[in-house]
Amino acid sequence: MKSNKKIGVIGAGFVGLAHSVFLSEEYKQVIIYDRDEDLIERLKEGNIDIFTEDRTLKKQASKNIKNGSLLPTNQFNDLKGASIIFFAIGLDFKNSKNGYENLDQIFKNVSKIINNQTLLVLETTVPPGTVDNFILPSIFKGNKKIDKDNLRFVYSYERVMPGPEYMSSLKTLPKVFGALNESSKRIYKNHLKRTLPDLDHICLKNIVSAEYSKVVENTYRMVNIALIGELTNFGKSINADVPSILEAIRKRPTHSNIRFPGQAPGGYCLTKDPDFLLVSNDQMRLNEDLNILKASSRLTKKLNKKVEEYVEEVLDKKMSVCFLGLSYRSGVGDLRESSSLDLALSLNKKGYINHFIDPFVNQKDLPKFIKLTQMSKSEFGQAVLSVRHNIFNLKYLKSFKTIIDINSCLSVDEREYLKNQGLNIFQYGDFA
């Protein structure tokens, strides 16, 4: 049975909408706020503009908006009376609209509509120390009646998996969080008992540990990617088949998450989160060296150039070519910081590629000179395979004469299968 409590979510982007849909399955009324009036109007009209393989998310969002359990709004006061308010907003230092000033304004506004029983749950990735040194002071300035003793605040970072796992990841990944005080911890644990009762959630000792946890997760991944980039370069020098080597290493359970050769990471989180450690290091005057982090950041910036050079080396300049996949990862149409899109634009500018296929990308989000091609591919002799959407299956790929796999999209067995079908297969990292 659904709880009668009113829940608020600030931020109607990919993560905010997915979380709101999830919450509206457990609570009778979920208010989802965003300052983007056009976005809110589209949601009210049932226009769920999400390009993802997760059909459940789009269908459930439309259903819950229609039945009134999920209420989109751009009026901040509609959040009044919410027992819990979740924050799923962006923070980066490239877009001034998503910087600290935006955070400051949001939390000052929130402080004016909450009471001592309202729990605030921040899910946004932030530099460690942001809550203690920036957000809490903003709340206390906005409402002099609130202090650390009577504020209810939890930092619990989002852990969704974009793509076909959007909704399922919300239900299967345990929460890692830090609480301001015991009452905050108790209220949030009660919420988790209702929404995710079967998972072993982890409460860290303080909020800064939870902030640090999310940044460490993505920093580890970036270092992993940078290391494989460096080892791939070495593999080229000795004529090694690096993807096959890594696939063999993955058979060992302790090494099952080692990365494969390819481009630099894309998307909103992985491209910025590791740098948040540098921000904290400066703001808190910690003077830590962070040499591995800095070196990894430099290395990842060089990966795309290496891949582009490889494509230009193996392309048959006389044969028509199509670029498969423009988003930053499979199963989504998200173009933010997409290395695939950057490469496609560069190859197009050089005159190599004029045809692009990605069923999840919206044409309006692309530069005007990049026109998406329909799924028919009979006129193309070769394809640059950048993102392995489900539709780019082996049956689909067999119709090409040549496949240039730049992001380890194909397994060793799939490579061999396509070769046996008479295709020419080039895979970045296979230099044997």
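Note that the coordinates shown come from a computational prediction; the quantities given were computed from them, not determined experimentally.

J.: What exactly am I supposed to notice about the overall build of the protein here?
T.: A tally of regular secondary structure across the protein gives 14 helices and 13 strands. In terms of overall size, the protein behaves like a compact globule, its C-alpha atoms giving a radius of gyration of 23 Å where 432 residues would be expected to give roughly 22 Å. Overall size of the protein, expressed as C-alpha extent along the three principal axes, is 70 × 50 × 40 Å. In the protein, which comprises 432 residues, the proportion classed as buried is 52%. Contacts in the protein between residues far apart in sequence, at least 24 positions, make up 70% of those at least 6 positions apart. Counting only carbon and sulfur atoms, one obtains 49% of the accessible surface of the protein, whose full area is about 20700 Å². Across the protein, 62 positive and 50 negative side-chain charges occur, with their mean positions spaced 3 Å apart.

J.: Would you mind going over the sheet that holds strand β10 (residues 355–357) with me for this structure?
T.: Paired through their backbone hydrogen bonds, the strands of a sheet run either parallel or antiparallel. Strand order across the open sheet formed by five strands is β10-β9-β11-β12-β13, with parallel pairing between neighbours. Two strands close off the open sheet at either side, each with one partner strand: β10 and β13 (424–427). Between one strand and the next, the sheet's axes are offset by a mean angle of 20°, whatever the strand orientation. Bridge count between strand β12 (residues 402–405) and β13: four bridges; the pairing is parallel. Within the sheet, the bridge partner assigned to Ile403 lies in β13 and is Ile425. Along the sheet, helix α12 (residues 339–349) contacts β9 (321–324) and β10; its crossing angle with β9, the most-contacted strand, is approximately 160°.

J.: What is the right way to read the pattern of salt bridges from this model?
T.: Pairs may arise between side chains of opposite charge once their charged atoms sit close together. Applying the stated criterion across every chain yields a total of 16 salt bridges. Here Glu313 and Lys236 are joined by a salt bridge, their closest N and O atoms 3.6 Å apart. With a gap of 77 residues between them, Glu313 in helix α11 (residues 291–314) and Lys236 in helix α8 (residues 207–237) connect regions that are remote in the sequence. Note that Asp273 and Lys272 form a salt bridge whose closest N and O atoms lie 3.0 Å from each other.

J.: Could you clarify how one ought to interpret the packing of aromatic side chains in this entry?
T.: Describing an aromatic ring pair means giving the distance of the ring centres and the angle of the ring planes. Scanning all chains against the criterion turns up 14 aromatic pairs. Residues Tyr155 and Tyr157 carry aromatic rings whose centres are separated by 6.4 Å and whose planes lie at 45° to one another, so their mutual orientation is tilted. By relative accessible area, Tyr155 is classed as buried at 0%. Taking relative accessible area as the criterion, Tyr157 reaches 0% and is therefore assigned buried.

J.: How should the nonpolar core be read in this particular structure?
T.: Side chains of nonpolar character tend, in soluble globular proteins, to be buried together. Ranked by internal contacts, the top residues of the largest apolar core, which has 39 residues, are Ile10, Phe87, Leu120, Leu122, Ile139, Leu151 and Phe153. Of all the elements in the fold, those that place two or more residues in this core are β2 (27–33), β4 (84–87), α4 (100–111), β5 (119–122), α5 (130–142), β6 (152–156), α8 and α10 (275–283). Ranked by residues supplied to this core, first place goes to α4 with five residues. With residues up to four places along the chain from it excluded, the contact list for Ile10 reads Tyr33, Phe76, Leu79, Ile85, Phe86, Phe87, Ala88, Ile89, Ile106 and Val110. In this structure, Val9, Tyr27, Ile32 and Phe177 belong to the second largest nonpolar core, which totals 34 residues.

J.: Would you mind showing me how to read the side chain of Thr402 here?
T.: Take Thr402: it is sitting in strand β12. Taking the relative accessible area as the measure of exposure, Thr402 reaches 4% and is therefore buried. Setting aside chain neighbours within four positions, we find Thr402 in contact with Met319, Gly381, Gln382, Ala383, Asn424 and Phe426.

J.: Would you mind going over the pairing of β12 with me for this structure?
T.: Regular strands place their side chains on alternate faces of the sheet. Burial along β12 is two-sided: Thr402 and Ile404 and Ile403 and Asp405, pointing in opposite directions, are all buried. Between β12 and its parallel partner β13, the chain crosses via helix α14 (residues 412–420), and the hand of that crossover is right-handed.

J.: What's the story with the sheet that holds strand β3 (residues 70–73) in this structure? I'm lost.
T.: A sheet is described by the order of its strands in space; here eight strands give the open sequence β3-β2-β1-β4-β5-β6-β7-β8, paired in mixed fashion. Only two strands of the sheet have a single partner each, and these edge strands are β3 and β8 (202–203). Taken together, the four bridges between strand β1 (residues 3–10) and β4 define a ladder with parallel strand orientation. Within β4, the residue paired with Ile7 across the bridge is Ile84. Packing of helix α1 (residues 14–23) onto the sheet brings it into contact with β1, β2, β3 and β4, and relative to β2 it is tilted by some 165°. Packed on one face of the sheet, α4 meets β1, β4, β5 and β6 and runs near 175° to β4.

J.: Can you help me understand the environment of Asp342 in this one?
T.: Secondary-structure assignment places Asp342 in helix α12. For Asp342, a relative accessible area of 46% corresponds to the partly exposed category. For Asp342 and Ile404, which are 62 residues apart along the polypeptide, the C-alpha to C-alpha distance reads 17 Å.

Reading the values: the criteria
- Residues numbered from 1 in each chain as written.
- Predicted model: local features only at pLDDT ≥ 70, side-chain atom pairs only at ≥ 80, totals over all residues.
- Heavy atoms only, no water.
- Helix = DSSP H or I, 4+ residues; strand = E, 2+ residues; numbered from the N terminus.
- Rg over C-alpha atoms; globule rule 2.2 N^0.38 Å.
- Buried < 20%, exposed > 50% of the residue type's maximum accessible area, 1.4 Å probe, protein only.
- Contact = heavy atoms within 4.5 Å.
- Areas by Shrake-Rupley, 256 points an atom, 1.4 Å probe, with all protein chains shown as cover.
- Lys, Arg positive; Asp, Glu negative; His and termini not counted.
- Charge placed at Lys NZ, Arg CZ, Asp CG, Glu CD.
- Pairing = 2+ DSSP bridges.
- Axes fitted to C-alpha atoms, helices over the stretch in contact; angles between N-to-C directions.
- Salt bridge = Lys/Arg side-chain N within 4 Å of Asp/Glu carboxyl O.
- Phe/Tyr/Trp six-rings, centres within 6.5 Å; stacked < 30°, edge-to-face > 60°.
- Core = buried A, V, L, I, M, F, W, Y, C linked by side-chain atoms within 4.5 Å.
- Right-handed = clockwise from strand over helix to strand, strands pointing away.

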